[in-house]
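Residue strings, one per chain:
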Amino acid sequence: MKSIFGFLRPVSSAPVARERLQILLEYERRMVSQSALITVLRDEILGVVSRHVTVDPECVHVSVDRGDGFSTLAVDIQIPQPERREGVRRGAPR
Amino acid sequence: MGKVIVVTSGKGGVGKTTSTAALGAALARSGQNVVVVDFDVGLRNLDLVMGAERRVVFDLINVVQGTARLPQALIRDKRLETLYLLPASQTRDKDALTEDGVERVIAELRMRFDWVLCDSPAGIERGATLAMRFADEAVVVTNPEVSSVRDSDRIIGLLDSKTIRAESGERLEKHLLISRFDPARAARGEMLNIEDVLEILSIPLLGIIPESEEVLRASNLGAPITICGRESAPSLAYFEAARRLAGETIEIVYPGQKRGLFAKLFGRRAA
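Residues numbered from 1 in each chain as written. Chains lettered and ligands numbered in written order. Predicted model: local features only at pLDDT ≥ 70, side-chain atom pairs only at ≥ 80, totals over all residues. Heavy atoms only, no water.

Draft legend 1. The packing of aromatic side chains, seen in detail. Residue and element names in this part refer to chain B. For the structure shown, the criterion picks out one aromatic pair over all chains. With centroids separated by 5.4 Å and ring planes inclined at 65°, the aromatic side chains of Y84 and F113 adopt a geometry described as edge-to-face. Pair noted here: Y84 is in strand β4 (residues 83-86) and F113 is in the loop between α5 (99-112) and β5 (115-119), with a separation of 29 residues, a long-range link. The exposure classification of Y84 matches that of F113, with both residues buried. (Phe/Tyr/Trp six-rings, centres within 6.5 Å; stacked < 30°, edge-to-face > 60°. Helix = DSSP H or I, 4+ residues; strand = E, 2+ residues; numbered from the N terminus. Buried < 20%, exposed > 50% of the residue type's maximum accessible area, 1.4 Å probe, protein only.)

Draft legend 2. Looking closely at the side chain of B:T8. Residue and element names in this part refer to chain B. Along the chain, the position of T8 falls in strand β1 (residues 3-8). Assessed through its relative accessible area of 0%, T8 is described here as buried. The contact partners of T8, leaving out residues within four places of it in the chain, are K16, S120, V139, V140, V141, I155 and L159. (Contact = heavy atoms within 4.5 Å.)

Draft legend 3. Up close: unusual backbone geometry. All names here are of chain B. In this structure, R180 takes a positive phi of about 55° despite not being glycine. Position of R180 relative to the elements: it lies in strand β7 (residues 173-181). Of the residues examined, R180 reaches a relative accessible area of 40% and is grouped as partly exposed. In the Ramachandran plot, S202 falls in the positive-phi region, its phi being about 40° despite a non-glycine side chain. Within the element layout of this structure, S202 appears in the loop between α10 (194-201) and β8 (205-210).

Draft legend 4. A look at the confidence of the model for chain A. Summarising the model, chain A shows a mean pLDDT of 73, and 70% of its residues fall at 70 or more. Looking at the elements of chain A, mean pLDDT is at its lowest for helix α2 (residues 82-91) of chain A, recorded as 52, and at its highest for helix α1 (residues 14-50) of chain A, recorded as 82. (pLDDT = per-residue confidence, 0-100.)

Draft legend 5. Just α5(B), in detail. Residues and elements named next belong to chain B. Helix length check: α5, at 14 residues, gives a terminal C-alpha distance of 20 Å against a target of 20 Å (1.5 Å per residue), a fit within 8%. Restricting attention to buried positions, one finds in α5 the residues G101, V102, V105, I106, L109 and R110. Each buried residue of α5 lies within a common arc of 165° when the element is viewed along its axis, so the set occupies one face. Exposed residues on α5 whose side chains face more than 90 degrees from its buried face are D100 and M111. (Expected span 1.5 Å × (residues − 1). Arc of directions from axis to C-beta.)

Draft legend 6. Local environment of the confidence of the model for chain B. Mean pLDDT over chain B: 92, with 94% of residues reaching 70 or higher. Prediction confidence for the complex, expressed as pTM and ipTM, is 0.79 and 0.74 respectively.

Draft legend 7. Spatial organisation of the pairing of strand β2 (residues 34-38) of chain B. Residues and elements named next belong to chain B. Counting buried positions along β2 gives five out of five residues, so the element sits mostly inside the fold. By the alternation rule, side chains of β2 split into V34, V36 and D38 and V35 and V37, which are all buried. Both β2 and β4 contribute to a ladder of four bridges, which runs parallel. Across the sheet, V34 pairs through a bridge with L83, a residue of β4. Bridge analysis of β2 against β5 gives five bridges, and the strand direction is parallel. Across the sheet, V37 pairs through a bridge with C118, a residue of β5. (Pairing = 2+ DSSP bridges.)

Draft legend 8. A look at the sheet that holds strand β3 (residues 75-76) of chain B. All names here are of chain B. What the eight strands build is an open sheet, ordered β3-β4-β2-β5-β1-β6-β7-β8; its pairing is mixed. Sheet topology places β3 and β8 at the edges, where each strand pairs with a single neighbour. Here strand β6 (residues 137-142) pairs with β7 via six bridges, running parallel. Bridge pairing links V141 to L177 in β7. The strands that α10 touches are β6, β7 and β8; relative to β7, the one it contacts most, it runs at about 150°. (Axes fitted to C-alpha atoms, helices over the stretch in contact; angles between N-to-C directions.)

As structure tokens, then:
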């Protein structure tokens, strides 16, 4: 890219802008569609589980790891143990 | 039935309002009935660019809420009798807009006008999503600059998912309007060139508006540039863009494309 006159003026910045944008947007487009999917999965899985146990929506974590050949979906739901919880609540300073 | 076009961008300051006014006036000049609608509730500016700021009595919110009828709120342009403005409210906030109310107003405007141009507020919140909600087509205004291109990409995603057309599986045509383009800087590699922006956003090009002092002059005077600076480069570019919007096929000439022999031989390598 640098010509023999390159030292006379700064290296052109447009190709840098172009490359940064391409990398960023590829990532962001994937994230937007992925975060929508995660929200749907999170809500539906939570719906099924909460039909049987009372679950705190704050204690549900869904994550997706996108690999080259396959992706993994991890669902982590904390199911509270009633008596333990009571104990904690009673012991907690108010 | 008129066509509803949203003029949007995500980022602020890229030329949405200027473009809405310029395209509206260019379309109206061909004799068609045009209304430009300001959706930027709380920060209205289309009235100022149109030179109608002292004539606002009722606004979009009044019509949405039913406290004024549509004909009472419409302001007819003093220079072009087929051009109208529906101003935004200055005092209310964006929550005053309801989806049902906007749907009703858009339906009524569609009956009265050939073109309904909705000037979207910046951002991706309620005002912006309601401005695009009932659109048939979109004009995405983008500057050849990284943050503007990124935000346009987000807006294109919203146009493809949050509009009535998208939700009902219909196609919403999107047009890219590149504004504030400086051909000399692009040729020197200091500014993203047209091909770069087109490749990244991959929606069809409606026009290229060159950076020009005339744009500020027009907004100072309170007239769309296609009315007061008619022979200027940006005005001619807007006139062509308006004709393309109306379905004409006109070749797009990139500003600064006319090259000398030297540039033809050596210029390519810089791009």
